[in-house]
Structures are given as structure tokens and as C-alpha cells.
Amino acid sequence: MKTMSESLKEKLESVTKNIETAAKNAGRNPADVKLVAVSKTHPIKVLQGAIAAGCKILGENKVQEAIEKIEEIGNDKVEWHLIGHLQKNKARKAVQNFDVIHTLDSLKLAKRLERICLEEGRKELSVLVQVDLADEESKFGIKEKDLQELVDFLKDCECLRFNGLMIIPPFFEDVEKVRPFFRKLRKIRDDLQTQNVFAKGFGELSMGMSNDFHVAIEEGATLIRVGTAIFGQRNYSN
Ligand SMILES: *Cc1c(COP(=O)(O)O)cnc(C)c1O
């Protein structure tokens with residue numbers, strides 16, 4: 001029987017290969033696509049296995065769960081990315097613990113994060129703005145019409161570093177149906193880039209998950225968030 005870490009290693013190799021293939025098919029450099037290994041619900045042992053296997057970025061969606069992992073594992077071997085919705089009462093903990101927040105989705109939250117960074121002496125915090133292009137009232141993410149106001153605020157922030165955009169498109173069985181969402185997000189990023197609003201001069205695109213990351217890479221993703229394809233099915237009951 002294979003050990004857990006052997007099968008994790010194999011899955012990771014297979015994901016890495018698929019990233020390379022998708023990038024090459026799209027005429028892109030595979031090195032421009034960074035893998036966020038989404039480790040939510042998985043125990044610390046599994047995360048340590050992923051780090052040993054070469055994962056450089058871990059993605060978590062719940063602040064409290066992540067903190068327990070960060071305290072145990074530390075932040076010198078791996079970057080910690082928050083990919084789940086950030087409630088305002090968790091903003092301070094997020095500032096204290098995460099390297100990158102993918103889910104900035106309102107001007108109010110931006111103002112709060114900037115204020116907390118100043119209070120905490122956190123000189124730089126990398127943020128991506130989550131955009132809702134599906135107009136689903138239940139979903140998180142800022143509407144396109146409200147984006148410019150947030151961008152204008154981020155331009156003048158002392159601590160928040162506006163480093164790109166993120167999307168969680170609606171789920172479709174047919175992955176081709178998500179392609180327009182990825183393409184639209186890229187167009188918004190390209191337009192913002194001409195305004196020179198990004199801290200690094202270019203904007204990351206956080207898009208694509210286990211079932212559709214190849215499509216996202218074809219559409220320009222620079223950060224893909226992959227859980228199941230690396231770690232297997234999540235078990236929410238434990
Ligand atoms: C859980 C999650 C993922 C990973 O999804 P998989 O289908 O397991 O790859 C990616 N992005 C976000 C925001 C998530 O919450």
C-alpha cells in the first residue's frame with residue numbers, strides 16, 4: 001500500500017505536469033503560474049507533507065483553522081494565503097497571520113485592513129480584490145461597478161499592496177462555461193494595469209481550481225487554487 005505522502009507526491013507531480021502542459025499550450029511560461037495548495041480541512045501532518053513535497057504556498061479559507069496550522073508550522077517555509085471570505089471581526093487576526101489575502105471585497109474592509117496594519121505595525125500586506133462577475137447576491141466579491149472606488153482607495157494606501165484580482169465563478173459541469181468569467185477578469189486586470197494601479201506594476205490573476213485550472217491558465221491565471229487534485233476529497237465531518 002502507498003503511504004499518504006507518496007500518493008500526495010504523485011498527485012502533486014501530476015498537477016505540476018498539467019500546469020506545465022496548459023501553460024505551454026497557451027504559449028506561457030509555466031513559471032508564471034504559481035500553485036496555491038488549498039489545504040483547508042486537512043490536518044497539519046498533511047500540510048507538512050505538502051511542504052516537504054515542495055509546495056510553497058498554502059491556501060486556507062477559515063481564519064481560526066489557519067491560525068492553528070500557522071502556529072504549528074510557522075511561516076518561514078511556506079506562504080499562507082487566505083482564500084475564504086474575511087469577516088470584519090477576523091480582520092485583525094488575518095492581518096497578523098496571513099501573507100496574502102485573496103478576498104478583499106469591499107471598501108469598508110479595505111479601510112479596516114489598512115487601519116489595522118497601521119496599528120499593528122504591519123508595513124506591507126499583499127491583497128487581491130475578489131470580483132463578483134456573476135451578479136449572484138449570495139456570493140462574495142465586489143461588483144464591477146464598485147471596483148474603481150476601491151481601487152482608488154488602494155492606490156493611496158500606505159500598507160495595503162494591491163497585487164491583483166481573484167474570482168470564484170459559479171459552478172458549471174461544463175468547464176467551458178467558466179471560461180468567459182476568467183476572460184472577463186483578465187480584461188479588467190489589463191484595463192487596471194494601464195491605469196498603473198498595481199503595487200508591482202502588474203496584477204496577479206487568482207483563478208482556477210481543481211476542475212478548471214487548465215482553462216484558467218489558458219486565460220492568464222498567475223495563481224491557481226487547487227485542493228482536491230492534490231489532497232483528495234475533503235471530509236467535512238471531522
Ligand atoms: C476550496 C477552495 C478551492 C479549492 O477547490 P478544489 O476544487 O478542491 O480544488 C479554491 N478556491 C477557493 C476559494 C476555495 O474555497
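Computed from a prediction, not measured in an experiment: that's the story for all the values here. (Residues numbered from 1 in each chain as written. Predicted model: local features only at pLDDT ≥ 70, side-chain atom pairs only at ≥ 80, totals over all residues. Heavy atoms only, no water.)

A. Fine view of the overall build of the protein. A tally of helices and strands in the protein yields nine helices and nine strands. Compactness check: the protein gives a C-alpha radius of gyration of 17 Å against a globular reference of 18 Å for 238 residues, within 12% of the reference. Projected onto its principal axes, the C-alpha positions of the protein cover 55 × 40 × 30 Å. In the protein, which comprises 238 residues, the proportion classed as buried is 48%. Taking the contacts inside the protein whose residues are at least 6 apart along the sequence as the reference set, 60% of them involve residues at least 24 apart. Carbon and sulfur atoms provide 48% of the accessible area of the protein, an area that totals close to 11,900 Å². Averaged over its 38 positive side-chain charges, the protein has a centre that lies 2 Å from the centre of its 37 negative ones. (Helix = DSSP H or I, 4+ residues; strand = E, 2+ residues; numbered from the N terminus. Rg over C-alpha atoms; globule rule 2.2 N^0.38 Å. Buried < 20%, exposed > 50% of the residue type's maximum accessible area, 1.4 Å probe, protein only. Contact = heavy atoms within 4.5 Å. Areas by Shrake-Rupley, 256 points an atom, 1.4 Å probe, with all protein chains shown as cover. Lys, Arg positive; Asp, Glu negative; His and termini not counted. Charge placed at Lys NZ, Arg CZ, Asp CG, Glu CD.)

B. Representation of the layout of surface pockets within the structure. Taken as a whole, the largest pocket encloses approximately 380 Å³ of empty space. Taken together, 20 residues form the lining of the largest pocket, with Lys40, Ile83, Ile168, Met209 and Arg225 sitting closest to its centre. Among the residues making up the lining of the largest pocket, the classes are represented as six nonpolar, 10 polar and four charged. Estimated volume of the second largest pocket: approximately 230 Å³. Forming the boundary of the second largest pocket are Leu12, Thr16, Ile19, Glu20, Pro30, Val33, Lys34, Leu35, Gly54, Cys55, Lys56 and Ile57. (1 Å grid on protein atoms, 1.4 Å probe; cavity = no way out; pocket = protein on both sides within 12 Å on 5 of 7 lines; lining within 4 Å. Points joined across faces, edges and corners; volume = space filled by probe spheres on them. Nonpolar A, V, L, I, M, F, W, Y, C, P; charged D, E, K, R; others polar.)

C. Examining the site of the ligand more closely. All residues adjacent to the ligand are Val38, Lys40, Ile83, Ile168, Met209, Ser210, Arg225, Val226, Gly227, Thr228 and Arg234. Here Thr228 contributes a side-chain N or O atom positioned 2.5 Å from an oxygen atom of the ligand. In the environment of the ligand, an oxygen atom lies 2.8 Å from a nitrogen or oxygen atom belonging to the side chain of Arg234. For the ligand, the accessible surface in isolation is 390 Å², of which the surrounding protein chains cover 89%. With respect to the pocket detection grid, the ligand is positioned in the largest pocket. Grouping the amino acids of the shell around the ligand by side-chain chemistry returns five nonpolar, three polar and three charged. (Near = heavy atom within 4 Å. Polar contact = N/O pair within 3.5 Å; in protein donor to acceptor, adjacent residues only side chain to side chain. Sits in = over half its atoms within 2 Å of the grid points.)

D. A look at the packing of helix 6 (residues 144–155) against helix 7 (residues 179–194). Following both chains from N to C, one finds helix 6 and helix 7 inclined at 30°, their axes separated by 13 Å at the closest point. As helix 6 runs across helix 7, the sense of the crossing is right-handed. Facing helix 6, whose interface residues are Glu144, Leu147, Gln148 and Val151, helix 7 presents Lys184, Ile188 and Leu192. Counted by class, the contact of helix 6 with helix 7 contains four nonpolar, one polar and two charged residues. (Axes fitted to C-alpha atoms, helices over the stretch in contact; angles between N-to-C directions. Left-handed = near helix turned anticlockwise from the far one by under 90°.)

E. Highlighting the pattern of salt bridges. Scanning the entire structure with this criterion turns up 19 salt bridges. Of the charged contacts in the structure, one is a salt bridge between Glu119 and Arg115, with a shortest N-O distance of 3.2 Å. Here Arg115 and Glu119 lie together in helix 5 (residues 107–120), a separation of four residues that amounts to about one turn. Across the pair Lys143 and Asp132 runs a salt bridge whose closest N-O atoms are separated by 3.2 Å. One end of the pair, Lys143, is in strand 6 (residues 142–143); the other, Asp132, is in strand 5 (residues 125–132), with 11 residues separating them in the sequence. We classify Asp132 as buried; its relative accessible area is 6%. (Salt bridge = Lys/Arg side-chain N within 4 Å of Asp/Glu carboxyl O.)

F. Focus on the pairing of strand 9 (residues 223–226). Of the two faces of strand 9, the one holding Leu223 and Arg225 and the one holding Ile224 and Val226 are both buried throughout. In this sheet, strand 9 lies alongside strand 1 (residues 34–38) in parallel orientation, the contact comprising four bridges. Residue pairing across strands places Leu35 opposite Ile224, the latter belonging to strand 9. (Pairing = 2+ DSSP bridges.)

G. Quick look at helix 5. Between its first and last C-alpha atoms helix 5 spans 20 Å; for 14 residues at 1.5 Å apiece the expected length is 20 Å, and the two agree. For helix 5, every residue scored as buried is listed here: Leu107, Leu109, Ala110, Leu113, Glu114, Ile116 and Cys117. The inward-facing, buried residues of helix 5 contact helix 4 (91–97), strand 4 (100–104), strand 5, helix 6 and strand 7 (160–166). At the exit of helix 5 stands Gly121, carrying a positive phi of roughly 70°. (Expected span 1.5 Å × (residues − 1).)

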